[in-house]
Amino acid sequence: MNRGMLKLYSLILLLVLPLALSAQNGFKFDLIQKGKQDNNTLLVVGGIQGDEPGGFISASILATHYEITKGSIWIVPNLNFYSIIKRSRGPYGDMNRKFAKLSKKDPEYEAVTRIKNYIKDDSVKLVVNLHDGSGFYRPKYEDSMHSPSRWGQCSIVDQSNIDIPLYGNLEDISSEVVKYVNKNLIKNEDIYHTHNTRTKEGDKEMEKTLTYFAINHGKAAFGNEASKNLPTHKRVYYHLLALEKYMDIMGIEYKRKFKLDAKGVYKAINDDIYISLYDGKIKLPLSQIRNMVKYFPIKKGGAIDFKASNPLLTIIKKNNTYVIQYGNRRLSRLKADYQDIDAQPKSVQLKIDGKLQNVKFGSLVDVKRSFLVEENSGYRVNVIGYTNKKKKETGIEIKNKEIPKHFSIDKKGTIYRVEYYTKNKFAGMVLIKFRT
């Protein structure tokens, strides 16, 4: 490289690296601790590569849909969150090749150092890193998609054994997991195998991985791969089967909120996801939300305070639009209507199918026939999409057919916004859901 090119390269680094660091630091990963903390903790990692949704969604379902009744689990569902948002294997290189040596200038240095510390924690005894791999791993070549060079549908160990007090028989444990998964296959092609990479025998790439770092710090570690040739919910099904077997081996007991089959997993992924904003003044159900929601109340100054039902949910500001992201899926865009926000929590009165109810802001109210907003001199009310000749929206019975469907926040045309304002501030929102 000549001197001119070197100067240009240095200038590019000075301009790009701060942006990269800023982007990465804006999407820090979560550590979710479940159960009664002990010295026999299972650490589950998802999202080290952002183009493998089966892995990071499985970890998030473990976090949101399982109750640990005995034992301890730590879950990192979104290790490389920025990579997940970008739907990329790694915007700054493959994070799963950064565990042997890494410059402090690397944008992912902080995240890698942090997960290393969790792996090394005395409580952690076994680590499972979740991946989606291409094709179907087979010990012997069958065809281009079913061969030793493929990574899907296998349990990975770096070596057969490790000299530690617990779970050192890596290949034996992997074989137990494989046997259990294979008893519950959706179809025969999905069969699992143990894949021993024999890393320390000279595999320089695998020496850089999270699992090899873990076993070199005295921790049992496994990779679990589901095939990218399968739909995401089926990948999640196989990951969860494997995770439940690891829990069984460790004596960790649990309850889950869904049936573990393909349909049950699909429902768990897509149902009951929501974002709550401004201390619960707004609650948005997201499973059927429209691609764009216009004139949405956003606090002046652009700050958006939210809580999410799932660690893979986030909101990203892009000019005057706020993008709701679920893993690497964009669910919706909120077009900002900037408002001052009333800090006081409140409830209001609505007449639902003829019955008067006190309703808190942020509620989703089921309606069979009609609703009526009671008059309250303290509020100005806007039923989004509803108009009448009287230009009045309180004290009037409103039916589903009286609001054009395109004003609903959901694609089915059943959920509508009732917004409340004080003289100059947004006070809160109630959602009306008409039964179909």
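The structure this text deals with has already been given above.
In this report, we go over the structure that sits alongside the text.

Next up on the list: the overall build of the protein chain. A tally of helices and strands in the protein chain yields 8 helices and 26 strands. Considered along the principal axes of its C-alpha atoms, the protein chain spans approximately 80 × 60 × 45 Å. Here the protein chain holds 436 residues, and the buried ones make up 53% of them. Long-range contacts, defined as pairs at least 24 residues apart, comprise 68% of the intrachain contacts of the protein chain with a sequence gap of at least 6. Per element, the accessible surface of the protein chain, about 21,200 Å² overall, is 48% carbon and sulfur.

Time to look at helix H2 (residues 53-65). With 13 residues, H2 should reach 18 Å at 1.5 Å per residue; the first-to-last C-alpha distance of 17 Å fits that figure. Most of H2 sits out of view: 12 of its 13 residues are buried.

Here the focus is unusual backbone geometry. In this structure, Asp279 takes a positive phi of about 55° despite not being glycine. In this structure, Asp279 sits in the loop between strand S12 (274-277) and strand S13 (282-285). Its identity is not glycine, yet Asn319 carries a phi of approximately 60°, on the positive side. By secondary structure assignment, the location of Asn319 is in the loop between strand S16 (313-318) and strand S17 (321-326). Residue classification places Asn319 among the exposed positions, given a relative accessible area of 67%.

Across the sheet, which stays open at both edges, the 7 strands sit in the order S1-S4-S2-S5-S10-S8-S9 with mixed pairing between neighbours. Either end of the sheet is taken by a strand with one partner, and the two such strands are strand S1 (32-35) and strand S9 (193-196). Taken pair by pair, the neighbouring strands of this sheet meet at an average axis angle of 25°, ignoring direction. Strand direction decides the pairing type here: strand S8 (residues 154-157) and S9, joined by 4 bridges, are parallel. Looking at S9, one finds that Cys154 is bridged to His193.

The rules behind each value
- Residues numbered from 1 in each chain as written.
- Predicted model: local features only at pLDDT ≥ 70, side-chain atom pairs only at ≥ 80, totals over all residues.
- Heavy atoms only, no water.
- Helix = DSSP H or I, 4+ residues; strand = E, 2+ residues; numbered from the N terminus.
- Buried < 20%, exposed > 50% of the residue type's maximum accessible area, 1.4 Å probe, protein only.
- Contact = heavy atoms within 4.5 Å.
- Areas by Shrake-Rupley, 256 points an atom, 1.4 Å probe, with all protein chains shown as cover.
- Expected span 1.5 Å × (residues − 1).
- Pairing = 2+ DSSP bridges.
- Axes fitted to C-alpha atoms, helices over the stretch in contact; angles between N-to-C directions.

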